[in-house]
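Notes for the structure review
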Amino acid sequence: MAGRAAFTAVPVVALAWVLWLLTTQSLPVQGQIAWIPDLGIDLAWRIDGLSALMLLMITGVGSAVFVYAGGYLAGHPQQSRLYVLLSLFMLAMIGCVTADNLIVLFVFWELTSLTSFLLVGFNHTELSSRKSAQQAFLVTGTGGLALLAGLLLLGQQVGTYSLSALIEQIPYEAPTPALTTALVLILVGAFTKSAQFPFHFWLPNAMSAPTPVSAYLHSATMVKLGVYLLARLDPAFGEWDLWEIALKTAGSITAAWGMVLALRERDLKRILAWSTVATLGTLVVLIGLRGEGATVAVGALLLAHALYKAPLFFVAGNIDHGTGTRVIDRLGGLRKAMPFTAAAALLAGASMAGMPLSFGYIVKDVILEVKSADDVFAFARAANTVFGAIAVAVAGVAALRVFWRHPGANETPHAHEGGPALVLPPLVLASVGIGLGLFPFFVDELLADASLAMTPGTEAIVISLALEIGPSLGSLAVTLLIGALIYVFWDPLHRLFEALGAKIGRIGMASHYERSLVWLPKAAAAVTRRLQHGRLPGYMTLTIGAVSVGLLAALGPALLTLPGPMPGPWSWGVVGSVMLIGLGAVAAALLRDRLTLLLASGLVGYGSAALFLFVGAPDLAFTQFTVETVFVVVVAAVLLKLKRLGRPASIEEPAWRPGAAFVSMAFATLITALLLLTVATPFDAFLSDFFAQRSVPEAYGRNVVNVILVDFRALDTLGEIAVVALSFLAALPLLRSLRGASEAQQEGRR
C-alpha cells in the first residue's frame, strides 16, 4: 500500500507543478543546458500554451490512471512493474511536449514507443498481448525511423535543431526538394504515432493492454503525440499546399473509416478505440484547416476528448472487472449492480455525444463554426453530421445499452461494483467535462494560450467558448436524431458492416501487415542465401561495389571537373615501383595457385614500400616492408600447413569473372579520381604543423608518425591492439580444432 501511494504521488506532484506554473508564471517558460554543443544539441525546453495544455492532460489524466491502476490490479504480483512503466511513460511524454530541440524531442518520442511496447505487452504470457505489442512497436518504430530522418534533414537544411527557431524560419524558406522530403518523412512519423490512415489498424489491436494503459496511452496521451507534433509545426508548414492536402486527406479518411469500423465491433473497448481513431482523424483535419479559429478547435477537442474518452475506458474496465466480459451482447441492465460506473458513463457519454451543458457540446459548436467557415469542407457537412451521429451512437452503447437496456435472452453475468479506486477516477474526470460545459471560462485563457502557440502573431482566441443556444442546437438535434436511429439499429448495421468488412479486410492495411510478416522472413532468407554464400571473392566484390557506389554518389558532379595528372617527383625509382605494383596486381589476377598468388600480391606491397621510399617517406617504407614480410611469411606458413592437411592448393573460382572485373575497374577509376581531386585541393598544413611543433617538446620523439601512434592517439592504438588480441583469443578455439582434426587425420593414416 505504501508503494502504491508513493507511485500515485508522482503524477499528483507533477499535476500540482503544472497548476502552479499556469497560475504563477507567464508563458512561455524556456531554458536550455548544453549537452552536445559541437552537434548543436542542447537540453532545451519551452513551455507555451500548447505544451501546458498537453502537460495538464498528461498529469491530470495520469493522476486518475495511477489511482485507477491501484484498484484494477489490486493484489496483482506485477502491479509495481506497471507503475514503473507508467511513470517512465509519463516522463517521456513530459519530455516530448516540453523539448525545444529536435533531437531531444526524438529521444523522448522513442522512449514513449519503447514504454508503450512494454505496457501493451504487460500480460506477456498471452499470445494476443505479445502480438499486439509487436504490431504497435513495429508500426510506430518504423515511423520513428522516418521521423528521425526527417528531423535530421530538416535541421540540416534550415541550419538549426531548435524547434522554436525552425518554426520562425521555415515560413521564409522556399519549398526545396530536401525540405519537402523532410516534411513527408515527418508526416509519416506523426501519422504512425497518431494512428492515421494508412497506419490506423494498430490502435484497436492495442486494446489487449490493461485498461489503465488503454485509458492513458490510447485516449489521452501517446496517440495525441503525433497530433501535437503536427500542431507544433503548423505555423511553419501551414501555408504549404502539401501540408494542407496531406492533413485533410489522411484525417478525413481516418475519421470516416474509424467511425464505420466502430460499427463492426462487439467488444466495448474496441468500439471506443475505433471512435478514438476517428477523433484523431478529426484533430488532424482541424490542424490542416486554414479557417479562422481552427487552432481553438484543436485545443478544445484535445481537452474534451481526454475528459470523456478516458472515463469511458475506465467504465469498460469496470465492466470487465465486475462481469468478466466486455462483449456488449452479453451485457445489459448493469445500472443496479454498478450505479457509480453507470453515472460516470452517463456523464462521459453526454460529453462525447455533445449534449448541451457539457464541454463536448461547446467543442462541437466550435468545430462546426470552423468547418463552416472553410469552403473546402462545405460539401462535407452532411458526411460530418453522419459521422457525428455515429459518435452519438457509440456514446449510447457505452452509456445506455450496457447499463439500461435489458440483455434479452442472454443472461447478464453476475456483476458487482468496484471499490473507490475504480469508480472515483471516471466520476471525477467525467464531472470535470460537465463542469467545463457549465463554466467554460475556466479554460478560456489556457485554450487562448494554446491557440496562440499554434498561430503565433495572431489574436490569442477568435471564437468564444461561451455556452450559446442558437444554430448549433439545430445541428445537434439532427445529429442526435440520426445517432438515435443508428443506436436503435446498431445490431443490423453491425451485421451489414461485418459482412462488408470481411470482404474489404482482405485488402485492408491490417491484412497487408499480416502478409508482410510472412513474406519479410522469406525475402530475408532469399537475400541471405544469395549474399551469404561462403565465398570470399563474392563478398569482396559486393563490398567493393557498394563502396564504389558510395564514392560515385559522394563525388557526383566533381567528376566532370577532374584535373589532369599532377607533376610529382618522377624518377626511375618511382617508375620502377609503379611497374612492380602493376606487375603484382596483374599476376594476382591471373594466377590460380594460392601460394604463388600470395607471393605475387606481395609484390604490390613491396612496390608500395619502394614507392614510399623514393617519394621521401622512409619510415613508412620500412613499416610497409616489415608488415608485408610478416604477412607473407605467416600466410605462406598457413597455406603450406593446409596443403599438408589435404586442402586444395588452387582457387576454385573461374579464371575470368566479368562482373568482378567490372567492379574492380570501376573502383580503381573512382579511387584515381578521388586522388586527383585530393591532390588538386590546396593543402592545409594545420595538422602537419601542429604535430611537427609538438612532437619533441610534448612527446619527446622526433619520429612524428610514431609519436602520433603512441602519444597523441595512444588510446586509439591501445584499442586497436586490444581488438587484435581479442580476435586472436576468439580464433584460438578454431585453431585448436584444426590442430585436433590434423592429429586425428594423422592417427587415421597410421
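Please refer to the structure placed before this passage.
Here's what I pulled together on the structure shown here.

Right, let's talk about helix H23 (residues 572-590) for a bit. With 19 residues, H23 ought to run about 27 Å at 1.5 Å a step, and its terminal C-alpha atoms sit 27 Å apart, in line with that. Listing the buried residues of H23 in full gives Gly573, Val574, Ser577 and Gly584. Taken end-on, H23 shows its buried residues confined to a sector of 105°, consistent with a single buried face. Exposed side chains of H23 directed beyond 90 degrees from the buried face belong to Trp572, Met579, Leu583 and Leu590.

For the rest of this paragraph, the subject is a nonpolar patch on the surface. A surface patch of nonpolar side chains, amounting to about 450 Å² of accessible area, comprises Ile33, Trp35, Leu43, Trp45 and Val107. Listed by contribution, the elements that provide at least two residues to the nonpolar patch are strand S1 (29-36) and strand S2 (41-47). Of note, Ile33 is situated in strand S1. We classify Ile33 as partly exposed; its relative accessible area is 48%.

Enumeration over the complete set of coordinates arrives at 15 aromatic pairs. With a centroid separation of 5.2 Å and an interplanar angle of 80°, the aromatic rings of Phe690 and Phe691 are classed as edge-to-face. Assessed through its relative accessible area of 18%, Phe691 is described here as buried. Three or more aromatic residues joined by ring pairs make a cluster, and in this case those are Phe7, Phe66 and Tyr83.

Pairing of side chains with opposite charge becomes possible as their charged atoms draw close. Per the stated rule, a full pass over the model turns up nine salt bridges. Here Arg266 ties to Asp329 by a salt bridge, and the two come within 2.3 Å at their closest N and O atoms. A residue pair is termed long-range when its members are at least 10 positions apart, and Arg266 in the loop between helix H11 (241-262) and helix H12 (268-288) and Asp329 in the loop between helix H13 (294-323) and helix H14 (339-353) qualify at 63 residues.

In this section: unusual backbone geometry. At the junction of Leu27 and Pro28, the peptide bond is cis and its omega measures out at 0° in the coordinates. Looking at the secondary structure, you find Pro28 in the loop between helix H1 (2-24) and S1. Here the residue pair Phe197 and Pro198 is connected by a cis peptide bond, since its omega of 10° sits within 30 degrees of zero. By the element assignment, Pro198 lies in the loop between helix H7 (177-193) and helix H8 (202-205). At Ala195, a residue that is not glycine, the phi angle is positive and equals roughly 55°. Phi angles above zero are rare outside glycine, and Tyr700 is one such case at about 60°. Relative to the elements of secondary structure, Tyr700 occurs in the loop between helix H27 (686-699) and helix H28 (704-712). With relative accessibility at 72%, the residue Tyr700 sits in the exposed group.

Below, the discussion takes up the nonpolar core. Formed by 166 residues in total, the largest nonpolar core has its most connected members in Leu154, Trp202, Tyr216, Leu230, Phe237, Trp243 and Phe403. Per-element tally for this core: the top contributor is H13, with 19 residues. Excluding residues within four positions of it along the chain, Leu230 makes contact with Leu187, Ala190, Phe191, Trp243, Leu247, Val284 and Ile287.

Glancing now at the packing of H11 against H12. Where H11 contacts H12, the axes come no closer than 7 Å and their chain directions differ by 160°. Here H11 lies roughly antiparallel to H12, going by the angle between them. Of the two elements, H11 crosses H12, and the hand of that crossing is left-handed. Facing H11, whose interface residues are Trp243, Glu244, Leu247, Lys248, Gly251, Ser252, Thr254, Ala255, Gly258, Met259, Leu261 and Ala262, H12 presents Ile271, Trp274, Ser275, Val277, Ala278, Gly281, Thr282, Val284, Val285, Ile287 and Gly288. Across the contact of H11 with H12, the residue classes break down as 13 nonpolar, eight polar and two charged.

In this structure, S1 lies alongside S2, joined through seven bridges in antiparallel fashion. Within the sheet, the bridge partner assigned to Val29 lies in S2 and is Ile47. Where S1 folds back on S2, the antiparallel hairpin that results is connected by four residues, among which Gly40 adopts a positive phi of roughly 70°.

This part takes up the side chain of Ser351. For Ser351, the position within the fold is in helix H14. The class of Ser351 is buried, set by a relative accessible area of 3%. Excluding anything up to four places from it in sequence, Ser351 contacts Tyr308, Ser358, Phe359 and Gly360.

We now examine the environment of Ser275. Mapped onto the elements, Ser275 comes out in helix H12. Among the residues examined, Ser275 registers a relative accessible area of 0% and is labelled buried. A C-alpha to C-alpha distance of 6.9 Å links Ser275 and Ala391, two positions 116 residues apart in sequence. Residues contacting Ser275, with those up to four places away along its chain left out, are Met259, Lys309, Met352 and Val394. Side-chain polar atoms of Ser275 contact the side chain of Lys309, separated by 2.8 Å.

Time to look at the environment of Gly299. Structurally, Gly299 is set in helix H13. Expressed as a C-alpha distance, the spacing of Gly299 and Met454, which sit 155 residues apart in the sequence, is 9.3 Å. Leaving out residues up to four positions away in the same chain, Gly299 has contacts with Leu53, Leu447 and Met454.

Conventions used here
- Residues numbered from 1 in each chain as written.
- Predicted model: local features only at pLDDT ≥ 70, side-chain atom pairs only at ≥ 80, totals over all residues.
- Heavy atoms only, no water.
- Helix = DSSP H or I, 4+ residues; strand = E, 2+ residues; numbered from the N terminus.
- Expected span 1.5 Å × (residues − 1).
- Buried < 20%, exposed > 50% of the residue type's maximum accessible area, 1.4 Å probe, protein only.
- Arc of directions from axis to C-beta.
- Patch = residues over 30% accessible without salt bridge, like charges linked within 9 Å, V, L, I, M, F, W, Y side chains within 5 Å.
- Areas by Shrake-Rupley, 256 points an atom, 1.4 Å probe, with all protein chains shown as cover.
- Salt bridge = Lys/Arg side-chain N within 4 Å of Asp/Glu carboxyl O.
- Phe/Tyr/Trp six-rings, centres within 6.5 Å; stacked < 30°, edge-to-face > 60°.
- Core = buried A, V, L, I, M, F, W, Y, C linked by side-chain atoms within 4.5 Å.
- Contact = heavy atoms within 4.5 Å.
- Axes fitted to C-alpha atoms, helices over the stretch in contact; angles between N-to-C directions.
- Parallel < 35°, antiparallel > 145°, perpendicular 65-115°, else oblique.
- Left-handed = near helix turned anticlockwise from the far one by under 90°.
- Nonpolar A, V, L, I, M, F, W, Y, C, P; charged D, E, K, R; others polar.
- Pairing = 2+ DSSP bridges.
- Polar contact = N/O pair within 3.5 Å; in protein donor to acceptor, adjacent residues only side chain to side chain.

Coordinates in, geometry out; function isn't part of it.
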